[in-house]
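Geometric and topological summary
Here is what each chain is made of, one letter per residue.
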Amino acid sequence: MRKTYLKNFLLIAVLILGQFSFAKEKEEKHGDESHGKDLKTEIKEYIQHHLQDSHDFSLFSYTQENGEHKYVGFPLPIILWDNGLKVFSSSKFHHGETVAEVDGSYYKLYHSKIYKTDAEGTINYDEDHHATNARPLDFSITKNVVMIIVTGLLMLWLFTSLARSYAKNNGVPTGAGRFFEPIVLYIRDDIARPNIGEKRYGKYMPFLLTIFFFIWFLNIFGMTPLGVNVTGNIAITFALALMVFLITNFTGTKDYWMHQFNPLGDSMPWYAKIPLYIILVPIEILGLFIKPFSLLIRLYANMQAGHIVLMSLIGLMFIFKSWLGSPLSFGLAFAISLIEVLVALLQAYIFTMLSALYFGFASEEHEHDYEAEVAH
Amino acid sequence: MEKLLEEFSLGLFFWQTLLFGLLLFLMWKFAWKPILKAVNDREDGIKDALAAAEDAKKEMQNVTADSEKLLKEARAEREAMLKEAREIKEKMVADAQEQAKAEGDKMLKQAQAAIESEKKAAVADIKAQVATLSVDIAEKVIKEELSDKKKQLKLVDDMLGDIKLN
């Protein structure tokens, strides 16, 4: 729904911009044909590159007069497991331009991935143009890991100071706490309590709060010019969803598991249930995995899509070099940015809300069982 | 799907899990626990304060009702006392009037009795004086009548005539 909305927006943008800049582009096409194509490819590659994790923290790069690429930023540590632990700085790769030699092994950065190569840095390809070189286990502190650490430290600082301000001010928050306290209370009163239940919500609260602020802050960081895309990375969302999956199933009550394997209960005799259960039980078990899977895909796809749309709109500026293209592109990018700020909050909310809902299912103890016990 | 799997980085997954777990633990211990506790304490405090205020209100209402009752009682008592006083006053006035009247009657009677006895005495006195005067007058008259012999003889004759008549 949202994606189609964005798509429509993008389509309209392209159509409008296309109309105005068509004439100009046609003019330029004669002399600038090869360059124009390069630019489009370059933008596409740039976006693709931005969406991926990076082994160094570069804020921006430019090309000097002599054709040399200059990167502004700082290198990050590379940690590899390749017959022993290997730690070195990512500056050795020179942004993929050179081969790094560590303890007699050669590594090359290719499309943001580290491959083991020979001394010349040859990359072998299969017929689909995929690199076939061996890949060492890569535990590097990448840009995303740095952002996770930064976000974690920020959260710790913010919320421990909020906790301290309660102690100091006799239960009244101060400063940023005044902004964050209502959100904490909202998660407690409008997400955890109604979905999990008054008696059991307490033990899930720390996880729900942590995951909400973690996703929200990282989504917001994705909007900054730092150019990070942490929550739009499948490994991150997978890790988050896996945690939800594990917590859901490890805190599952007897009722929850009974529901998985005996969804109809005692409502009909066992011989009537057999044909139904051949279909029902696999669906229920599949559902166990589909729920967290939907979480991971939803967050990933939304953040990824947001970044692609935003960067495409900004990229339009460089493609349509008309006097109208840039302001329009800017205006659209600005509008989409505002929507993305909302989406950043919304996705964090949805992830937390659905996690709470799943926890609620898992920890539910059916009321009618109690009633039955009371009646006997 | 293939693109997703290709994008998946084991290293990032490892760090995310490790760091998020650590973050969760630290936040749990140092942030969420004290924050939720403080918020709960505050809410309990507010609830208690509200309950206390409600109690105080009820107490106040009771006190007001009590004082009103007292006031009513006092007013009734005052009313009763005033009524009693009025009755006493009326009774006293009535008594006094009665007593005065009785006294007056008594005095009047005494006065009348005194006047009566005085009158009787005066009448007796007058009677005595009249008798004396009459005797004196009679004496003088007789003296006058009997100053010459003829008259004396006439009288004797008259008297003797009277006796004859008897």
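Residues numbered from 1 in each chain as written. Chains lettered and ligands numbered in written order. Predicted model: local features only at pLDDT ≥ 70, side-chain atom pairs only at ≥ 80, totals over all residues. Heavy atoms only, no water.

Notes on the interface of chain A and chain B
How big an interface is tends to be stated in terms of accessible area lost as the parts join. Our working definition: In what follows, a contact means two residues having at least one pair of non-hydrogen atoms within 4.5 Å. Buried area counts how much accessible surface, traced with a 1.4 Å probe, disappears from two parts once they are put together, with both parts' losses summed. We define a salt bridge as a side-chain nitrogen of Lys or Arg found within 4 Å of a carboxyl oxygen belonging to Asp or Glu. Going along the chain from the N terminus, every DSSP run of H or I of four or more residues is numbered as a helix, and every run of E of two or more is numbered as a strand.
Each side of the interface is counted separately: chain A has 51 residues, and chain B has 33 residues. Interface area, chain A with chain B, both sides summed: about 3,700 Å², of which 76% is carbon and sulfur. Here chain A and chain B share two salt bridges between them. For Glu181(A), the salt bridge is made with Arg42(B), and the minimal N-O distance between the two is 2.8 Å. Mapped by element, the contributors of at least two residues to the side of chain A that touches chain B are β8 (137-138), α2 (143-168), α3 (177-196), α4 (205-223), α5 (234-250) and α7 (270-319) of chain A.

Overview of the packing of α3(A) against α4(A)
All names here are of chain A. Quick reminder of the rule: For helices, the fitted line uses only the C-alpha atoms of the stretch in contact; every axis is such a line through C-alpha atoms, and the angle between N-to-C directions lies from 0 to 180 degrees. Note on angle classes: values under 35 degrees are labelled roughly parallel, values over 145 roughly antiparallel, values of 65 to 115 roughly perpendicular, and the remainder oblique. Definitions for this section: a left-handed crossing has its near helix turned counterclockwise from the far helix by less than a right angle. A right-handed crossing has that turn clockwise. Only Asp, Glu, Lys and Arg are considered charged in this grouping, and only Ala, Val, Leu, Ile, Met, Phe, Trp, Tyr, Cys and Pro are considered nonpolar; every other residue, Gly among them, is considered polar.
Contact geometry of α3 with α4 gives a least axis separation of 10 Å together with a crossing angle of 125 degrees. Classed by the angle they form, the pair α3 and α4 counts as oblique. As for how α3 packs across α4, the hand of that crossing is right-handed. Residue-level contacts link Phe179, Phe180, Ile183, Val184, Ile187, Arg188, Ala192 and Ile196 of α3 to Met205, Leu208, Leu209, Phe212, Phe213, Trp216 and Phe217 of α4. Taken together, the residues that form the contact of α3 with α4 break down as 14 nonpolar, no polar and one charged.

Section: the side chain of Asp138(A)
Heads up, the condition is: The classification of residues rests on relative accessible area computed with a 1.4 Å probe and restricted to protein chains. Under 20% of the type maximum is buried, over 50% is exposed, and intermediate values are partly exposed. In this tally Asp and Glu are treated as negative and Lys and Arg as positive; neither His nor the chain ends contributes.
The topology assignment puts Asp138(A) in strand β8. Buried within the structure, Asp138(A) lacks any salt-bridge partner; its nearest side chain of opposite charge belongs to Arg135(A), at an N-O separation of 5.9 Å. Those residues within four positions of Asp138(A) in sequence are excluded, and the remaining contacts are His55(A), Ile79(A), Leu80(A), Ile114(A) and Gly11(B).

Some points on the sheet that holds strand β5 (residues 100-102) of chain A
Consider a sheet: its strands pair through backbone hydrogen bonds, and that pairing is either parallel or antiparallel. Residue and element names in this part refer to chain A. What counts is decided by this rule: Strand pairing is defined by DSSP finding a minimum of two bridges between the two strands.
Reading across the sheet, the three strands line up as β5-β6-β7 and stay open at both edges, with antiparallel pairing between neighbours. With one partner strand each, in any of the chains shown, β5 and β7 (113-117) form the two edges of the open sheet. Direction aside, the axes of adjacent strands within the sheet are offset by 35 degrees on average. Where strand β6 (residues 105-110) lies against β7, five bridges are found, and the strand directions are antiparallel. Bridged to Tyr110 within β7 is Lys113.

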